[in-house]
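The chain contents come next:
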Amino acid sequence: MDERARDPVYETAANIRSPSTFVKNYFGAGNTSHGERKGLTVSLSICKFDSPVENGHKGRIMGVRERQEREREARLEAIRQAALRLFAEKGFAGTSMEDIAAAAELGKGTVYYYFPSKEALLEDILDTYTGRYFQHLSQAIRDQDDLFSVVEKVLLGYVDFHQENPHFLRLHHRWVTDGVREARVQLERFRQRYRELRAPLEQQLRDRARREFSGRLNPEVIVNLVGGLLLVYGSQLQRGTRIDEVREYIGQTLILLRLGFERLKSERGSISGGEMHRQERPE
């Protein structure tokens, strides 16, 4: 057997969390700034190994750190998903931290370690899933997409995301319609965060409207139209309308939108709603 494998320093080096802990354990509390044993150098500022097994030590320590980070993220995600489901099913007031810990199959102390209060947990869920939602949409959009394609991807992407995260749909709808006041969270702060995340997507809609319609279409019309449609479809899903029905509604909406775009592109100059109405009125 390799002598290093029997060395307690070698065995422990891959599991230490800080150089100071390592030095105190193996070199005594009186010499915590620097210590050497069998050519192994440990510094409080960095874990630097100058021994012949330096690469092995570093690799094992990095592997442990990566594993610990993965485990941390897995615990956080388990807590979020358990809380999200319970908040959606039982409401915020009807859910306790003990309920969340049990659903996540973790100790209550672990939940409190990551989230000092139920309010803090709700705030984290809103922030995390809203960020994922807009990331989901932005990843689907390509630079070469025209305005119609972007609108299509936004509307269908909204349904896709909520199909994958049905509990967040319920919580998100209550949030944007002011239905989570019971949580005593700062909703305006999250609305501001929502606006910040939504801004790049809205800008893409504006840029394409200006480029493709050259003044014939006010870009804010598209921004308001898409935002309103998302609220409508979210309300339908919240009321229990089947996903396939909502997709059908979106498909019909897109047909009308495409026809409207084609009409605008065929016209010269800017056309107001009144002018369009007068043009279509029979002689």
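This write-up is about the structure you can find in this document.

Parameters and conventions
Residues numbered from 1 in each chain as written. Predicted model: local features only at pLDDT ≥ 70, side-chain atom pairs only at ≥ 80, totals over all residues. Heavy atoms only, no water. Helix = DSSP H or I, 4+ residues; strand = E, 2+ residues; numbered from the N terminus. Contact = heavy atoms within 4.5 Å. Areas by Shrake-Rupley, 256 points an atom, 1.4 Å probe, with all protein chains shown as cover. Buried < 20%, exposed > 50% of the residue type's maximum accessible area, 1.4 Å probe, protein only. Arc of directions from axis to C-beta. Salt bridge = Lys/Arg side-chain N within 4 Å of Asp/Glu carboxyl O. Polar contact = N/O pair within 3.5 Å; in protein donor to acceptor, adjacent residues only side chain to side chain. Expected span 1.5 Å × (residues − 1). Phe/Tyr/Trp six-rings, centres within 6.5 Å; stacked < 30°, edge-to-face > 60°. Lys NZ or Arg CZ within 6 Å of the ring centre and 35° of its normal. Core = buried A, V, L, I, M, F, W, Y, C linked by side-chain atoms within 4.5 Å.

Quick look at the overall build of the chain now. Scanning the chain from terminus to terminus reveals 13 helices and two strands. Partitioning the contacts of the chain with sequence separation of at least 6, the portion at a separation of at least 24 is 60%. Accessible surface, the chain: about 16100 Å² in total, of which carbon and sulfur atoms supply 48%.

Looking now at helix 5 (residues 97–104). Inspection of helix 5 places Met 97, Ile 100, Ala 101 and Ala 104 among the buried residues, and these make up the whole buried set. Seen end-on, helix 5 carries its buried residues on one side only, within an arc spanning 100 degrees. At the C-terminal side of helix 5, Glu 105 shows a positive phi close to 60 degrees.

In the structure shown here, the tally under the stated rule is 19 salt bridges. Close ionic contact of Glu 77 with Arg 80 constitutes a salt bridge, the shortest N to O distance being 3.4 Å. Of this pair, Glu 77 and Arg 80 are both found in helix 4 (residues 54–90), three residues apart, which corresponds to roughly one turn of the helix. According to the relative accessible area criterion, Arg 80 is buried, its value standing at 9%. Between Lys 90 and Asp 99 there is a salt bridge, and its shortest N-O distance comes to 3.1 Å.

So, on to the environment of Asp 145. Note that Asp 145 resides in the loop between helix 7 (118–140) and helix 8 (147–164). The spacing of Asp 145 and Arg 208 is 63 residues in sequence and 8.9 Å in space, taken between C-alpha atoms. With sequence-adjacent residues up to four places away left out, Asp 145 is seen in contact with Ala 140, Val 150, Lys 153, Arg 208 and Arg 211.

Residue Asp 145 is classed as buried on the basis of its relative accessible area of 11%. Within the local environment of Asp 145, its side chain forms a polar contact with the backbone nitrogen of Arg 142, the two atoms lying 2.8 Å apart. Within polar-contact distance, the side chain of Asp 145 engages the side chain of Lys 153 at 2.7 Å.

To continue, consider helix 11 (residues 219–238). The end-to-end C-alpha distance of helix 11, which contains 20 residues, comes to 29 Å, matching closely the 28 Å that a straight helix rising 1.5 Å per residue would cover. Inspection of helix 11 places Pro 219, Ile 222, Val 223, Val 226, Leu 229, Leu 230, Tyr 233, Gly 234, Gln 236 and Leu 237 among the buried residues, and these make up the whole buried set. Looking straight down helix 11, one finds its buried side chains confined to an arc of 160 degrees; they lie on one side. The positive-phi residue at the C-terminal boundary of helix 11 is Gly 240, with phi of around 105 degrees.

Bringing the packing of aromatic side chains into the picture now. As enumerated under the stated definition, the model contains 10 aromatic pairs in all. Their ring planes at 85 degrees and their centres at 5.1 Å tell us that Tyr 113 and Tyr 114 sit as a pair that is edge-to-face. You can call Tyr 113 exposed: its relative accessible area is 66%. The class for Tyr 114 is buried, based on a relative accessible area of 17%. Here Phe 148 and Phe 261 contribute two aromatic rings whose centre-to-centre distance is 6.5 Å and whose plane-to-plane angle is 85 degrees, an arrangement assigned as edge-to-face. Here Phe 261 lies in helix 12 (residues 243–266) and Phe 148 lies in helix 8, a separation of 113 residues in the sequence. Here Phe 148 matches Phe 261 in class, with each residue buried. By way of ring pairs, the aromatic residues Tyr 129, Tyr 133, Phe 134, Tyr 158, Phe 161, Phe 168 and Tyr 194 are connected into one cluster. The aromatic ring of Phe 92 is capped on one face by Lys 118, whose charged end is 4.4 Å from the ring centroid.

In terms of nonpolar packing, the biggest core is built from 57 residues, with Ile 100, Leu 147 and Val 151 touching the most fellow members. Here Leu 147 is in contact with Leu 205, Arg 208, Ala 209, Glu 212, Phe 213, Leu 217, Ile 222 and Phe 261, once residues within four sequence places are set aside.

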